[in-house]
Amino acid sequence: MKILITGATGFIGQELLNIMQGSNNIAVISRKKINIKKIHLIKGNLNNLNKIKKKILKFNPELIIHLAWEGIPDLSHNN
């Protein structure tokens, strides 16, 4: 099964990639470089899907795990 993951460099995304590494059917959309073997990187930003649309369609995912979250609130102890 081909799986596309957004938010792969975040807290949950990193753990998910650690579990799934070694599979060659994983692609991630990320603004940052990811150095995990066999993971297909689609470098881009979800705010501009037109730039990465062709790459997503070429990968042809069967499942998308959406973990990206922009504008995370400040959840520090003081707040």
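Being a predicted model, the structure only gives us computed values, none of them experimental. (Residues numbered from 1 in each chain as written. Predicted model: local features only at pLDDT ≥ 70, side-chain atom pairs only at ≥ 80, totals over all residues. Heavy atoms only, no water.)

(A) Expanded view of the environment of Met-20. Residue position: Met-20 is located in helix α1 (residues 11-20). Sequence separation between Met-20 and Thr-6 is 14 residues, and the spatial gap between their C-alpha atoms is 14 Å. With sequence-adjacent residues up to four places away left out, Met-20 is seen in contact with Ile-3, Ile-5 and Ile-26. (Helix = DSSP H or I, 4+ residues; strand = E, 2+ residues; numbered from the N terminus. Contact = heavy atoms within 4.5 Å.)

(B) Region of interest: the sheet that holds strand β4 (residues 63-66). Taken in spatial order, the 4 strands line up as β3-β2-β1-β4 in an open sheet, and their pairing is parallel. Of all strands in the sheet, those with a lone pairing partner are β3 (39-43) and β4, marking the two edges. Strand-to-strand twist in this sheet, taken as the mean axis angle between neighbours without regard to direction, amounts to 20°. One ladder, built from 4 bridges, connects strand β1 (residues 3-6) with β4; its direction is parallel. By the bridge assignment, Thr-6 is partnered in β4 with His-66. (Pairing = 2+ DSSP bridges. Axes fitted to C-alpha atoms, helices over the stretch in contact; angles between N-to-C directions.)

(C) Summary view of the side chain of Ser-30. Looking at the secondary structure, you find Ser-30 in strand β2 (residues 26-30). What makes Ser-30 buried here is its relative accessible area of 5%. When near neighbours in sequence (up to four residues on either side) are disregarded, Ser-30 contacts Thr-9, Leu-41, Ile-42, Lys-43 and Gly-44. (Buried < 20%, exposed > 50% of the residue type's maximum accessible area, 1.4 Å probe, protein only.)

(D) Molecular detail of the nonpolar core. Counting 10 residues, the largest nonpolar core consists of Ile-3, Ile-5, Ala-8, Leu-17, Met-20, Ile-26, Val-28, Ile-34, Ile-36 and Ile-39. Among the elements of the structure, β1, α1 and β2 are those that each provide at least two residues to this core. Once you skip the residues sitting within four places of it in the chain, Ile-36 turns out to touch Leu-17 and Gln-21. If you look at the next biggest cluster of nonpolar residues, it comprises 7 residues, including Ile-29, Ile-42, Ile-56 and Phe-59. (Core = buried A, V, L, I, M, F, W, Y, C linked by side-chain atoms within 4.5 Å.)

(E) Quick look at the side chain of Thr-6. Among the structural elements, Thr-6 can be located in strand β1. One polar contact links Thr-6 to His-66, side chain to side chain, over a distance of 2.7 Å. What Thr-6 contacts, discounting residues up to four positions off in sequence, is Ile-29, Leu-46, Ile-65, His-66, Leu-67 and Ala-68. (Polar contact = N/O pair within 3.5 Å; in protein donor to acceptor, adjacent residues only side chain to side chain.)

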